[in-house]
Amino acid sequence: MAVIHQTTLQPTKLELLTEWLPAREWYTGTEARPVKAGGFRLDDPAGEVGIELMVVTDGEGDAAVTYLAPMTYRSGPVAGAELALIGTMEHGVLGKRWVHDATHDPVFVAQLYALLTGRAQAQAQSETGALDPTVTVSPVPAEDAADVELVRVTEGADHTDVVVRAPGASAPLTLRVRRVLRAGTDSAPDGAGRVVAEWRLPDGTTARGEFAVVLTDAGRG
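Residues numbered from 1 in each chain as written. Predicted model: local features only at pLDDT ≥ 70, side-chain atom pairs only at ≥ 80, totals over all residues. Heavy atoms only, no water.

Looking at this model, I keep getting lost on the overall build of the protein. Mind explaining?
A count of helical and extended segments in the protein gives 2 helices and 13 strands. Within the protein, the proportion of its 221 residues that are buried is 50%. The long-range share in the protein, meaning contacts at least 24 apart out of those at least 6 apart in sequence, stands at 56%. Accessible surface for the protein amounts to roughly 10500 Å². Of this, 50% is attributable to carbon and sulfur atoms. (Helix = DSSP H or I, 4+ residues; strand = E, 2+ residues; numbered from the N terminus. Buried < 20%, exposed > 50% of the residue type's maximum accessible area, 1.4 Å probe, protein only. Contact = heavy atoms within 4.5 Å. Areas by Shrake-Rupley, 256 points an atom, 1.4 Å probe, with all protein chains shown as cover.)

Where do I start with the packing of aromatic side chains in this structure?
Think of a pair of aromatic rings as described by two things: how far the centres are apart, and how the planes are tilted against each other in angle. Taken as a whole, this structure holds 5 aromatic pairs when the rule is applied. Through successive ring pairs, a cluster of aromatic residues spans Trp20, Trp26, Tyr27 and Tyr67. (Phe/Tyr/Trp six-rings, centres within 6.5 Å; stacked < 30°, edge-to-face > 60°.)

How do you make sense of the environment of Ser138 when you look at a structure like this?
Here Ser138 is to be found in strand 7 (residues 136-138). Of the residues examined, Ser138 reaches a relative accessible area of 34% and is grouped as partly exposed. Those residues within four positions of Ser138 in sequence are excluded, and the remaining contacts are Leu116, Ala192, Gly193 and Arg194.

For this particular structure, what's the right way to read the sheet that holds strand 12 (residues 194-200)?
An order of 7-12-13-10-9-8 is seen for the 6 strands of this open sheet, with the pairing classed as antiparallel. If you trace the sheet from one side to the other, it starts and ends with strand 7 and strand 8 (149-155), each paired once. Across this sheet, the average inter-strand angle for adjacent strands is 20 degrees, counted without regard to direction. For strand 8 and strand 9 (residues 159-165), the ladder comprises 6 bridges, and the chain directions are antiparallel. Across the sheet, the residue bridging to Val153 is Val162, located in strand 9. Against the sheet, helix 2 (residues 106-116) touches strand 7, strand 8, strand 9, strand 10 (173-178), strand 12 and strand 13 (206-215), its axis set at about 95 degrees to strand 10. (Pairing = 2+ DSSP bridges. Axes fitted to C-alpha atoms, helices over the stretch in contact; angles between N-to-C directions.)

For this particular structure, what's the right way to read helix 2?
Helical geometry note: an α-helix holds 3.6 residues per turn, so side chains three or four residues apart project in the same direction. Burial analysis of helix 2 places 10 of its 11 residues in the buried class, which makes it a mostly covered element. Within helix 2, the full set of buried residues consists of Val107, Phe108, Val109, Ala110, Gln111, Leu112, Tyr113, Ala114, Leu115 and Leu116. Its side-chain oxygen at 3.0 Å from the backbone nitrogen of Val107, Asp105 defines the N-terminal cap of helix 2. Looking at the residues trailing helix 2, positive phi occurs at Gly118, about 75 degrees. (Polar contact = N/O pair within 3.5 Å; in protein donor to acceptor, adjacent residues only side chain to side chain.)

Help me understand the nonpolar core in this model?
Core analysis: the largest hydrophobic core is formed by 37 residues, its most contacted members being Phe40, Phe108, Leu112, Leu175 and Phe211. Looking at this core element by element, the count peaks at 9 residues for helix 2. Those residues in contact with Leu112 that lie beyond four places of it in its chain are Leu42, Leu175, Val177 and Ala212. Ranked by size, the runner-up nonpolar core spans 19 residues in total, among them Leu17, Val56, Tyr67 and Tyr73. (Core = buried A, V, L, I, M, F, W, Y, C linked by side-chain atoms within 4.5 Å.)

Just to check I follow, could you spell out the side chain of Gln111 for this structure?
With respect to the element layout, Gln111 can be found in helix 2. Excluding its chain neighbours within four sequence positions, the residues that come into contact with Gln111 are Leu42, Asp43, Pro45, Ile51 and Ala120.

I tried to follow the environment of Asp161 on my own but got confused; where do I start?
Mapped onto the secondary structure, Asp161 falls in strand 9. When the C-alpha atoms of Asp161 and Arg176 are compared, they prove to be 4.5 Å apart, with 15 residues separating the residues in sequence. One polar contact links Asp161 to Arg176, side chain to side chain, over a distance of 2.7 Å.

So what exactly am I meant to see when it comes to the pattern of salt bridges here?
A pair can form between side chains of opposite charge whenever their charged atoms are brought close. Applying the stated criterion to the full structure yields 10 salt bridges. With a closest N to O distance of 3.0 Å, Asp101 and Arg179 form a salt bridge. With Asp101 in strand 6 (residues 95-101) and Arg179 in the loop between strand 10 and strand 11 (180-181), this residue pair connects regions lying 78 residues apart in the sequence. Under the relative-accessibility criterion, Asp101 is labelled buried at 4%. Here Arg179 falls in the buried class, since its relative accessible area comes to 0%. (Salt bridge = Lys/Arg side-chain N within 4 Å of Asp/Glu carboxyl O.)

Structure (structure tokens):
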């Protein structure tokens, strides 16, 4: 179970994202000024890696865009994932933490797959030991796949595709992580596993949409 520490971060997560977002090919703005708008966490069974799916809005009024930024927090860098490093920060309790784009982190990928196959639960973003009841999952059946293999990561115009190979699977699967969130999004083929969650809009209301989906080769596009 992840422990949420109420402490200081230098720099903050939003400050790191301010520098990181403009370089993403799915970022549509010009000068990032992200505002936290929601999200949830996943537990690392080993208790070593913090996993957060943070939602931020950027821009004002009708021009505001909502982005999903999954991040992992570690005591050291992910080997071979130097380009996925968002930055480092000093945690008031845990010390120096390496913050990565989670789509390149095998711990996140395994837990996202576990969520999409009904073997993990979404945790509250800011409360220790609490589930997030606003997150709904339409799971796909799978064998025990704790050791799911991360094959490759590719970026799209509004998403990131994480290709994985699961034990017992006849072919690789694609975990599509939505980067640009849209209310009501449910574009996956029938029968595909999906995660739907909510976020806050700049006007104070909430919206729901698809955060992630499992696709077979036939469902990609």
